[in-house]
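Descriptive analysis of the structure
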Amino acid sequence: MATAKNKTKTVFFCNECGYESPKWVGQCPACRAWNSMVEERISGATNASIKSTKEVLADKKQRIACINDISLEEENRISSGIGELDRVLGGGVVSGSLTLVGGDPGIGKSTLLLQACRLMGNAGVKILYISGEESLKQIRLRAERIGEFSKNVELMCETDLGIIEEIIRERKPDVVVIDSIQTMFLEDVSSAPGSVSQVRESTGVLMRIAKGLDVSVFIVGHVTKEGTVAGPRVLEHMVDTVLYFEGDRHAAYRILRGVKNRFGSTNEIGVFEMRSEGLAEVANPSEFMLEGRPKDASGCVVSCSMEGTRPILIEIQALVSRTNFGIPRRQAQGTDYNRLNLLMAVLEKRVGLSLGECDAYLNIAGGIKVTEPAIDLGIVLAVVSSFRNKPLPANMAAFGEVGLSGEVRSVSQIEGRVRECKKLGFDICIVPATGKEALKETKDIKICYVSSVSEAIQALDEL
Ligand SMILES: Nc1ncnc2c1ncn2[C@@H]1O[C@H](COP(=O)(O)OP(=O)(O)OP(=O)(O)O)[C@@H](O)[C@H]1O
Ligand SMILES: [Mg+2]
Ligand SMILES: [Zn+2]
């Protein structure tokens, strides 16, 4: 009994960054998060994994190489069969890579991966789908919705990573899906599945499997709104690629966003629609985002955001009304709350709009999150329109970054944005004056060049 006691000790882990501390602290010294430390019991047995790392090292004595001698052909990609997923991954699934797919419960993580498995399986790729949260029957039911599967896709319900590793070694699949990392456990680690140390150690094991056996591994990770359960935050820095599935659970479409990618750019997004037969790719996201847009409503403006290489039109909605109780309420959904406050201060100070006693609510329609400053001008005009209770022309779009002195600053790829507006039938574009040179092709569309917020408002009045 006494010896067992000696072996286990209690440590504290930060839920946000995985920092380890021998005693509880209110604020994590590493990432400064408050109240993020959780207690966990670990046994001395973690050196099992240390030993195996040593073995791997011994296997690979040729580790050190001159950077020029390393062959470039190594990055071997296979198509996932889903264009939008390939796009976010940077051109397909890299063999031997570890990819984390995160997202809220029920957003469609399992569906997306099962669909990718089906298409890869049909293309001759050997797949092993391991679920720790659903029964084989449940997965079969989902598969029924999606379509017919080839023999290449194998299912397993298992949560013990030791067994999983053995099976992967034996069956040698090309792609493995782990659904989800929070249900997996290593016998050596004594804390419960889903705890920081379990999640961290399990991911370490999966990393070793992926690199050692050249298997592409997808890990599903749940995130709670508060990020309380040992969230994928801890593993973000361990894996090669992090994809997040976002979007309003009640809306039909979902957005897949690359947050980190060791093999490609991270600013591409994939757009999907949830249908009864699974997730369908959305080829023209702008059209989708603007669907059901109210015409002749005040406070609505269309703006354009570059998501990777694609311009996407979005609808910005603002509602400005007089405050009833003392302090004004401000709320922003789909974009940065502080940005809204800043832009309202600019309007107050530089244009003289008395917004100080107004509540303001801002919403990007459809649950997409936009962080590009190019939509600033759109936000400003939406607020002005709602404040004056005057609708803007429905055939107008506006984009440009707004600076603190009320100036409208240039944006990248102005040509591509204007082309997208034209393609979707817009007739008027309000753009930064600095874009005049970059913009060559302007027939069929009226362009208003503005250099400040007040000029933009003036341009509206003259339309
Ligand atoms: N017959 C159906 N028709 C349309 N949509 C469906 C149908 N059945 C399920 N769905 C959608 O699929 C979603 C569940 O997808 P999925 O199980 O892939 O999500 P998940 O992210 O893996 O969830 P979890 O966090 O529970 O693992 C549901 O929220 C629902 O919107
Ligand atoms: Mg699932
Ligand atoms: Zn921390």
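Since the structure is predicted, the reported quantities are computational estimates derived from the model, not experimental observations.

Per the secondary structure count, the chain includes 13 helices and 23 strands. In terms of principal-axis extent, the alpha carbons of the chain reach across some 80 × 50 × 50 Å. Put simply, the chain has 463 residues, and 49% of those count as buried. Partitioning the contacts of the chain with sequence separation of at least 6, the portion at a separation of at least 24 is 67%. Element-wise, carbon and sulfur atoms account for 51% of the exposed surface of the chain, whose accessible area totals about 22300 Å². Averaging the positions of the 56 positive and the 60 negative side-chain charges in the chain gives two centres separated by 3 Å.

Taken in spatial order, the nine strands line up as S8-S7-S9-S10-S6-S11-S12-S13-S14 in an open sheet, and their pairing is mixed. Sheet topology places strand S8 (153–157) and strand S14 (278–281) at the edges, where each strand pairs with a single neighbour. Looking at each pair of strands side by side, their axes are set apart by 25° on average, direction ignored. As judged from the six bridges shared by strand S6 (residues 98–103) and strand S10 (residues 216–222), these two strands associate in the parallel manner. Pairing of Leu98 across the sheet is with Val217, part of S10. Contacts from helix H5 (residues 136–146) reach strand S7 (127–131), S8, strand S13 (269–275) and S14 within the one sheet, and its direction differs from that of S8 by about 145°.

What follows covers the packing of aromatic side chains. Taken as a whole, this structure holds two aromatic pairs when the rule is applied. With a centroid separation of 5.2 Å and an interplanar angle of 85°, the aromatic rings of Tyr253 and Phe288 are classed as edge-to-face. Of this pair, Tyr253 sits in strand S12 (residues 253–261) while Phe288 sits in helix H9 (residues 285–289); the two residues are 35 residues apart in sequence, bridging distant segments of the chain. Given a relative accessible area of 15%, Phe288 falls into the buried group.

Moving on to the side chain of Asp240. Turning to its location among the elements, Asp240 is positioned in the loop between helix H8 (233–236) and strand S11 (241–246). Given a relative accessible area of 3%, Asp240 falls into the buried group. A polar contact of 2.9 Å, which involves the side chain of Asp240, links it to the backbone nitrogen of Leu98. Side-chain polar atoms of Asp240 contact the side chain of Lys211, separated by 2.6 Å. What Asp240 contacts, discounting residues up to four positions off in sequence, is Gly96, Ser97, Leu98, Met207, Lys211, Lys260, Asn261, Arg262 and Phe263.

In the contact formed by helix H11 (residues 376–388) and helix H13 (residues 453–462), the axes pass within 11 Å of each other and the chain directions differ by 55°. Classified by the interaxial angle, the pair formed by H11 and H13 is oblique. Remark: the crossing between H11 and H13 carries right-handed chirality. For the pair H11 and H13, the contacting residues are Leu377, Val380, Leu381, Val384 and Arg388 in the first and Val453, Ala456, Ile457, Leu460 and Asp461 in the second. In terms of residue class, the contact of H11 with H13 is made up of eight nonpolar, no polar and two charged.

Another aspect to go through is the pairing of strand S15 (residues 300–307). Along S15, eight of the eight residues are buried, which leaves the element largely enclosed by surrounding structure. Burial along S15 is two-sided: Cys300, Val302, Cys304 and Met306 and Val301, Ser303, Ser305 and Glu307, pointing in opposite directions, are all buried. Here S15 pairs with strand S16 (residues 310–322) via eight bridges, running antiparallel. Bridge assignment links Cys300 to a residue of S16, and that residue is Gln317. In this antiparallel pair of consecutive strands, S15 and S16, the connection spans two residues, and Gly308 shows a positive phi of 70°.

Among the 15 residues in the neighbourhood of ligand 1, the closest are listed as Gly106, Lys109, Ser110, Thr111 and Arg142. Between ligand 1 and the protein, one listed contact pairs an oxygen atom with a side-chain N or O atom of Thr111 at 2.4 Å. Taking Arg145, its side chain carries an N or O atom lying 2.9 Å from a nitrogen atom of ligand 1. If ligand 1 stood free it would expose 650 Å²; the protein chains cover 65% of that surface. Among the secondary structure elements, those contributing two or more residues to the shell around ligand 1 are helix H4 (109–122), H5 and S13. At three residues, H4 tops the list of elements feeding residues into the shell around ligand 1. Its residues assigned to classes, the shell around ligand 1 comprises three nonpolar, six polar and six charged.

Time to look at the nonpolar core. In globular proteins that are soluble, nonpolar side chains generally tend to be buried together. With 48 residues, the main nonpolar core has Leu347, Leu377, Leu381 and Ile430 as its most contacted residues. In terms of residues, this core owes the most to one element, H11, which gives seven residues. Residues within four places of Ile430 in sequence aside, it is in contact with Leu377, Leu381, Met396, Ala397, Ala398, Phe399, Cys448, Val450, Ala456 and Leu460. Formed by 29 residues, the second largest nonpolar core is a distinct cluster that contains Ile107, Leu112, Ala116 and Val177.

What follows deals with helix H6 (residues 161–171). For H6, the full list of buried residues reads Leu161, Ile164, Glu165 and Ile168. Considered in projection along H6, the buried side chains sweep an arc of 100° and stay on one side of the axis. Residues of H6 that are exposed and point more than 90 degrees away from the buried face comprise Glu166 and Glu170. Buried residues along H6 sit in contact with S7, S8, strand S9 (175–179) and helix H7 (196–213). Sitting at the amino-terminal end of H6 is Asp160, which places a side-chain oxygen 2.8 Å from the backbone nitrogen of Gly162. A positive phi of about 50° marks Lys172, the residue just after H6.

Regions with low pLDDT carry predicted coordinates that are not meant to be interpreted in detail. Scored by pLDDT, the chain comes out at a mean of 86, with 90% of its residues at no less than 70. A low-confidence stretch, residues 1–6 (pLDDT under 50), is modelled with zero contacts involving residues beyond four sequence positions or located in other chains.

Basis of the calculations
Along each chain, the written sequence defines residue order, and numbers are assigned to residues from 1. Chains and ligands are labelled sequentially in the order written, the chains with letters from A and the ligands with numbers from 1. For a predicted model such as this one, the threshold for reporting local features is a pLDDT of at least 70, and the threshold for listing and counting side-chain atom pairs is 80 or more; totals across whole chains, interfaces and linings nevertheless cover every residue. With hydrogens and water excluded, all non-hydrogen atoms of the structure serve as input to the side-chain values. What counts as a helix is a DSSP run of H or I of at least four residues, what counts as a strand is a run of E of at least two, and both are numbered from the N terminus. Note on classification: 1.4 Å probe, protein chains only; a residue is buried when its accessible area is under 20% of the maximum for its type, exposed when over 50%, partly exposed between these limits. Residue contacts are counted whenever heavy atoms from the two residues lie within 4.5 Å of one another. For the accessible areas, the method is Shrake-Rupley and the probe is 1.4 Å, while residue cover comes only from the protein chains on display. Positive charge is attributed to Lys and Arg, negative charge to Asp and Glu, and no charge count is given to His or to the chain ends. By convention, charge coordinates are those of NZ in Lys, CZ in Arg, CG in Asp, or CD in Glu. Each pair of strands is called paired provided DSSP finds at least two bridges between the two strands. Angles here are taken between N-to-C directions and fall from 0 to 180 degrees, while the axes themselves are lines fitted to C-alpha atoms, restricted in helices to the stretch in contact. What counts as a ring pair is set by centres within 6.5 Å for rings of Phe, Tyr and Trp (its six-membered ring), and what kind of pair is set by the plane angle: stacked under 30 degrees, edge-to-face over 60, tilted for all other angles. Distance and chemistry together define a polar contact, namely a pair of N or O atoms within 3.5 Å, with one atom able to donate a hydrogen and the other to accept it when in protein, and with adjacent residues in sequence counting only for side-chain atoms on both sides. Small angles under 35 degrees read as roughly parallel and large ones over 145 as roughly antiparallel, with 65 to 115 read as roughly perpendicular and the rest as oblique. Crossing handedness is defined as follows: a turn of the near helix away from the far one that is anticlockwise and smaller than a right angle gives a left-handed crossing, while the clockwise case is right-handed. Nonpolar residues are Ala, Val, Leu, Ile, Met, Phe, Trp, Tyr, Cys and Pro. Charged residues are Asp, Glu, Lys and Arg, and all others, Gly as well, are polar. Only a single heavy atom is needed: when it lies within 4 Å of a molecule or strand, its residue is near that molecule or strand. We define a nonpolar core as any set of buried Ala, Val, Leu, Ile, Met, Phe, Trp, Tyr and Cys residues linked to one another through side-chain atoms lying within 4.5 Å. Arc definition: it is the arc formed by the directions from the helix axis to the C-beta atoms. Per-residue confidence from the predictor is reported as pLDDT, which spans 0 to 100.

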